[in-house]
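Structure at a glance
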Amino acid sequence: MMSVHRMSAAGGFRYLLRHTASADVDRGQLPLVDYYAASGNPPGRWLGTGLAGLADGQGVPVGTQVSEAAMTAVFGNATDPVTGAALGRPFPTRTGPDGVRRPSGVAGYDLTFTPVKSVSVLWALGDPTTHAAVEAAHHAAVTQTLEILEARVAATRIGPGGATRVPVRGVVAAAFDHPDTRAGDPNLHTHVAVANRVQAADGHWRTLDGQQL
């Protein structure tokens with residue numbers, strides 16, 4: 001199953017970074033889940049063919065580890081994580097109740113991939129070989145779905161009023177694996193944060209057409 005949720009530029013993406021170090025819940029899962037997640041959730045990794053357009057066209061390799069600074073650049077500031085160049089228009093800002101101006105608007109979309117419960121139980125309680133095989137199959141499903149999204153869904157809009165929908169080079173996404181629910185139950189799932197910035201054929205960065213997504 002895949003669910004889709006908008007992430008705010010004001011910090012909606014920080015959940016993924018926060019729980020990379022501490023996991024979704026305090027320790028207390030089943031012993032074998034503790035074994036597989038003893039040091040918190042693994043670091044995120046960059047995905048998407050849109051990565052090729054970053055770093056002045058030199059690109060960021062797929063699978064590169066996601067740092068907090070790079071995540072903040074893309075999802076908090078709409079800037080290139082390598083060069084700092086703007087990826088299209090900056091996010092608008094808004095003054096909060098505390099008088100501090102912060103980014104507003106949609107930073108991206110959290111695509112959460114969750115296999116059926118029996119798969120998570122097999123992953124958590126199986127031997128190391130079974131655990132690795134289930135995880136590899138899950139990651140393959142995530143990758144294949146992202147490829148379909150890039151080929152058939154990802155687009156941006158140009159022209160007066162955004163009337164013309166055009167294809168894009170691909171998406172820039174950061175994937176984070178989580179092992180359990182907040183109650184400590186085995187629940188293998190992956191959050192794929194898709195940035196609300198895509199590069200059209202003319203080389204310009206624009207917002208992703210979220211309606212189709």
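Structure first, text after, so check above.
This report concerns the structure included in the present document. (Residues numbered from 1 in each chain as written. Predicted model: local features only at pLDDT ≥ 70, side-chain atom pairs only at ≥ 80, totals over all residues. Heavy atoms only, no water.)

Each helix and strand counted, the chain has five helices and eleven strands in total. A burial count over the chain gives 46% of its 213 residues as buried. Long-range contacts, defined here as pairs at least 24 residues apart, represent 62% of the contacts in the chain between residues at least 6 apart. When the accessible surface of the chain is summed, it comes to about 10600 Å², and 56% of that surface belongs to carbon and sulfur atoms. (Helix = DSSP H or I, 4+ residues; strand = E, 2+ residues; numbered from the N terminus. Buried < 20%, exposed > 50% of the residue type's maximum accessible area, 1.4 Å probe, protein only. Contact = heavy atoms within 4.5 Å. Areas by Shrake-Rupley, 256 points an atom, 1.4 Å probe, with all protein chains shown as cover.)

A word on the side chain of His 138. Along the chain, His 138 turns up in helix H5 (residues 128-153). Residue classification places His 138 among the buried positions, given a relative accessible area of 7%. In this view, His 138 contacts Phe 113, Pro 115, Leu 188, His 189 and Thr 190; residues no more than four positions away in its chain are not counted.

In this model H5 runs 36 Å from its N-terminal to its C-terminal C-alpha over 26 residues, within 8% of the 38 Å that 1.5 Å per residue would give. Every buried residue of H5 is accounted for by His 131, Val 134, His 138, Val 142, Leu 146, Leu 149 and Glu 150. A side-chain oxygen of the first residue of H5 lies 3.0 Å from the backbone nitrogen of Thr 129; this N-cap is Asp 127. (Expected span 1.5 Å × (residues − 1). Polar contact = N/O pair within 3.5 Å; in protein donor to acceptor, adjacent residues only side chain to side chain.)

In this structure, the largest pocket spans a volume of roughly 290 Å³. Lining the largest pocket are 16 residues, with Arg 89, Arg 197, Trp 205, Arg 206 and Thr 207 positioned closest to its centre. Put simply, the parts of the chain that give the lining of the largest pocket at least two residues each are strand E6 (155-158) and strand E11 (205-206). Of the residues assigned to the lining of the largest pocket, the class counts are six nonpolar, five polar and five charged. In this structure, the second largest pocket is lined by 15 residues; those nearest its centre are Tyr 15, Asp 110, Arg 182, His 189 and His 191. Those elements giving two or more residues to the lining of the second largest pocket turn out to be strand E1 (2-8), helix H1 (14-22), strand E5 (106-113) and strand E9 (186-195). (1 Å grid on protein atoms, 1.4 Å probe; cavity = no way out; pocket = protein on both sides within 12 Å on 5 of 7 lines; lining within 4 Å. Points joined across faces, edges and corners; volume = space filled by probe spheres on them. Nonpolar A, V, L, I, M, F, W, Y, C, P; charged D, E, K, R; others polar.)

Here the focus is the pattern of salt bridges. Here the structure, examined in full by the defined rule, presents six salt bridges. Here Lys 117 ties to Asp 185 by a salt bridge, and the two come within 2.5 Å at their closest N and O atoms. Taken together, the positions of Lys 117 in helix H4 (residues 117-125) and Asp 185 in the loop between strand E8 (173-180) and E9 put the pair 68 residues apart, joining distant regions of the chain. Taking the relative accessible area as the measure of exposure, Asp 185 reaches 34% and is therefore partly exposed. Between Asp 202 and Arg 206 there is a salt bridge; the shortest N-O distance is 2.9 Å. You can call Asp 202 partly exposed: its relative accessible area is 45%. Accessibility expressed as a relative area gives 24% for Arg 206, which makes it partly exposed. (Salt bridge = Lys/Arg side-chain N within 4 Å of Asp/Glu carboxyl O.)

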